[in-house]
Amino acid sequence: MAQTKDKKENLMEKIVSLCKRRGFIFPGSEIYGGLSGTWDYGPVGALFKKNIKDLWWRDTVQLRDDVVGVDAAIMMNPKAWEASGHTEAFSDPLVECKICHERFRADKEMEIKNHEKTHNKTIEWTKSKKFNLLVKAYLGVLEGEESQIYLRGEITNGVSVNFKNIINSTRVKIPFGVAQIGKAFRNEITPGNFTFRSREFEQMEVQFYIKPEEKEGKKWFDYWKKNRMDWYLSLGIKKENLRFRDHALNERAHYARMATDIEYKSPWGWQEFMGIHHRGDWDLKRHQQFSGEDMSFSDPQTGEKYLLWDIETSAGVDRSILFLLIDAYREEGGRVYLKLHPALSPYKAAVFPLLANKPELVKLARKIYDDLRPQFMTAWDDRGNIGKRYYSQDELGTPFCVTVDFDSLEDKKVTVRDRDTMKQERISILKLAEYLKNKLNEDENKILKL
Ligand code: GAP
């Protein structure tokens, strides 16, 4: 048992170390001692992040007739946060250890227990009080109540306040969805577990507007639960590591009539990956009350006017990256590799000249590299020996490595090595791009089939 625990903790240490060493994720503002709960994506991490967001957008907006996308401002009129209920109810229960004054979330039993162990005696805690998670900022040249705003605590509000603009500027028919990807900020009491709970993070959300009927609500809630689960499975996450968990009444956010999480079996237990929420007409009704604007939808068939209900799916980009990395991490036969879905891999291929000091090999390899680059993200490596270059690309999850050797000068073929099987094939240089694209598409098509 203790061994398994050590193994799991070890796994997280290895992932955090790999992320820093290979340019996936760095601690935020590190040279100044860091800033708790913030992380910076490095050269490889930025590619990974872009890939997951692009893929999500393609499958959620580009390939659907019933979803449009928006990109709203992070800073909003503070009244929007009063209306959405966040200034009043967007809080976590906070307790303070009376010995060392460290603060914790009262609802996180494990964290409380672990802290008690560090003092080795019974701890007295302060009474639990509500701690609002909205991050305050000041806008304009004067600091004070007048200029105080909030950084958005969830990205949803930018969609809700634009509801009228969206229906007036498009030809959406119910049911329809509005998708958005963007940063959110929360004054988390205890950020931790690497990027899992951060104070600045990114979300990918759909607000799916439906007729306000119980049967419709149930139908679309179940539809989106399945759709999102299938999407993560199609990215190659192991089935046994994902599950649904319904929220109990006392856990639900202030806006939710129903809520289910997709959870991931992380090294520190089952954890929330993303949420599906039935928000009813909470947001539109409240914005209607607070702004005085009519937020209802006119049914073109019946002429009836009503407030639509919202079935929301909300996923964390950073959590997706973290769990995909954990799930893809492999140590086998003395090598470490990331078995990432090729659509997510930061680089799709890497090109090597067998020897860096042979100009004829470098010239041909460089030409191949330049031909591939416009088609997909390609890496170049001419350092060390081939084994080290394979090892290096394996750690980044690059699905294919292409080596130009002396035979290539004669037979106009290169060696293509597969990351997962380590099998090598000789492929004609003229057919290389097509070969790689077909291989990459085989996997991409699995996602398209959803
Ligand atoms: N609009 C609904 C909403 O924001 P949520 O359950 O509070 O719902 C949705 O957040 C998702 O955002 C979570 O499932 C998680 O993936 C991500 N998320 C929330 N808080 C986070 C944090 N502090 N750090 C990283 N990701 C977070």
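Residue numbers restart at each chain and count upward from 1, following the sequence in its written direction. In keeping with the model being predicted, local features are shown solely for residues with a pLDDT of at least 70 and side-chain atom pairs are shown and tallied solely at 80 or more, while totals for entire chains, interfaces and linings include all residues. Side-chain calculation: all heavy atoms of the structure are included, whereas hydrogens and water are not.

1. Notes on the overall build of the chain
- Secondary structure elements follow DSSP: runs of H or I of four or more residues count as helices, runs of E of two or more count as strands, with numbering from the N terminus. Within the chain one finds 14 helices and 23 strands.
- Relative to a compact globule of 450 residues, whose C-alpha radius of gyration would be 22 Å, the chain shows 25 Å and is just as compact.
- Taken along its principal axes, the extent of the C-alpha atoms in the chain is 75 × 70 × 50 Å.
- Pairs at least 24 residues apart make up 66% of the contacts formed inside the chain by residues separated by at least 6 positions.
- As displayed, the chain has an accessible area near 22900 Å², and 51% of this comes from carbon and sulfur atoms.
- Between the centroid of the 74 positive side chains of the chain and the centroid of its 69 negative side chains there is a distance of 3 Å. Two things to know: the radius of gyration comes from C-alpha atoms, and the globule rule equals 2.2 Å times the number of residues to the power 0.38. Working rule for contacts: check all heavy atoms of both residues, and any pair within 4.5 Å makes them a contact. For the accessible areas, the method is Shrake-Rupley and the probe is 1.4 Å, while residue cover comes only from the protein chains on display. By the counting scheme adopted, Arg and Lys are positive, Glu and Asp are negative, and His together with the chain ends is not counted. For this purpose, a charge sits on NZ of Lys, CZ of Arg, CG of Asp or CD of Glu.

2. Brief notes about the site of the ligand
- When at least one non-hydrogen atom of a residue lies within 4 Å of a molecule or strand, that residue is treated as near it. Around the ligand, 23 residues are found, and the nearest of them are E154, S198, E205, E272 and F273.
- Polar contacts here mean pairs of N or O atoms no more than 3.5 Å apart (in protein, one a potential hydrogen donor and the other a potential acceptor; neighbouring residues in sequence count only if both atoms are side-chain atoms). At 2.8 Å from a nitrogen atom of the ligand is found a main-chain nitrogen or oxygen belonging to S198.
- Residue E272 places a side-chain N or O atom 2.5 Å away from an oxygen atom belonging to the ligand.
- Out of a free accessible area of 560 Å², the ligand has 94% covered by protein chains.
- Here the shell around the ligand takes six residues from strand β13 (residues 269-280), the largest share from any one element.
- Throughout, the ten residues Ala, Val, Leu, Ile, Met, Phe, Trp, Tyr, Cys and Pro are labelled nonpolar, Asp, Glu, Lys and Arg are labelled charged, and all others, Gly among them, are labelled polar. Tallied by class, residues from the shell around the ligand come to six nonpolar, eight polar and nine charged.

3. Some points on the pairing of strand β4 (residues 91-96)
- Pairing between strands is defined by DSSP: at least two bridges between them are needed. With four bridges joining them, β4 and strand β6 (residues 129-132) adopt antiparallel strand pairing. Bridging across to β6, D92 finds its partner in F131.
- In terms of strand pairing, β4 meets strand β5 (residues 103-105) through three bridges, oriented antiparallel. When the bridges of β5 are listed, V95 appears paired with F104.

4. Let's talk about the nonpolar core
- Buried Ala, Val, Leu, Ile, Met, Phe, Trp, Tyr and Cys residues that are joined via side-chain atoms within 4.5 Å together make up what is termed a nonpolar core. When accessible area is computed with a 1.4 Å probe and restricted to protein chains, residues below 20% of their type maximum are described as buried, those above 50% as exposed, and intermediate ones as partly exposed. One finds F24 and Y232 to be the most contacted residues of the largest nonpolar core, which totals 62 residues.
- In this structure, this core is formed jointly by two domains, domain 1 (2-75 + 153-327) and domain 2 (336-448), each of which donates at least three residues.
- Here Y232 is in contact with M204, I237, L242, F273, M274, A315 and S320, once residues within four sequence places are set aside.
- V402, V404, V416 and L436 belong to the second-largest nonpolar core, a separate cluster that totals 20 residues. All domain edges in this entry derive from an automatic or database-based domain assignment.

5. Examining the domain arrangement of the chain
- By the assigned domains, the chain splits into domain 1 (2-75 + 153-327) and domain 2 (336-448).
- Here domain 1 and domain 2 have C-alpha centroids that lie 34 Å from each other.
- With 18 residues of domain 1 in contact, the opposing surface of domain 2 contributes 18 residues.
- Roughly 1600 Å² is buried in total at the junction of domain 1 and domain 2, and carbon and sulfur atoms are behind 67% of that figure.
- We define a salt bridge as a side-chain nitrogen of Lys or Arg found within 4 Å of a carboxyl oxygen belonging to Asp or Glu. Inspection of the domain 1/domain 2 interface yields two salt bridges.
- Ionic pairing is found between R22 and E395, a salt bridge with its closest N-O pair at 3.1 Å.
- Inspection of the domain 1/domain 2 interface yields five residue pairs in polar contact (both at pLDDT 80 or more).
- Residue assignment for the side of domain 1 that touches domain 2 shows that the elements contributing at least two residues are α1 (2-21), α2 (43-62), α8 (214-234) and α10 (317-328).
- Broken down by element, the side of domain 1 that touches domain 2 gets its largest block of residues, eight residues, from α2. Once two parts are put together, the accessible area they lose, assessed with a 1.4 Å probe and summed over both, is termed the buried area.

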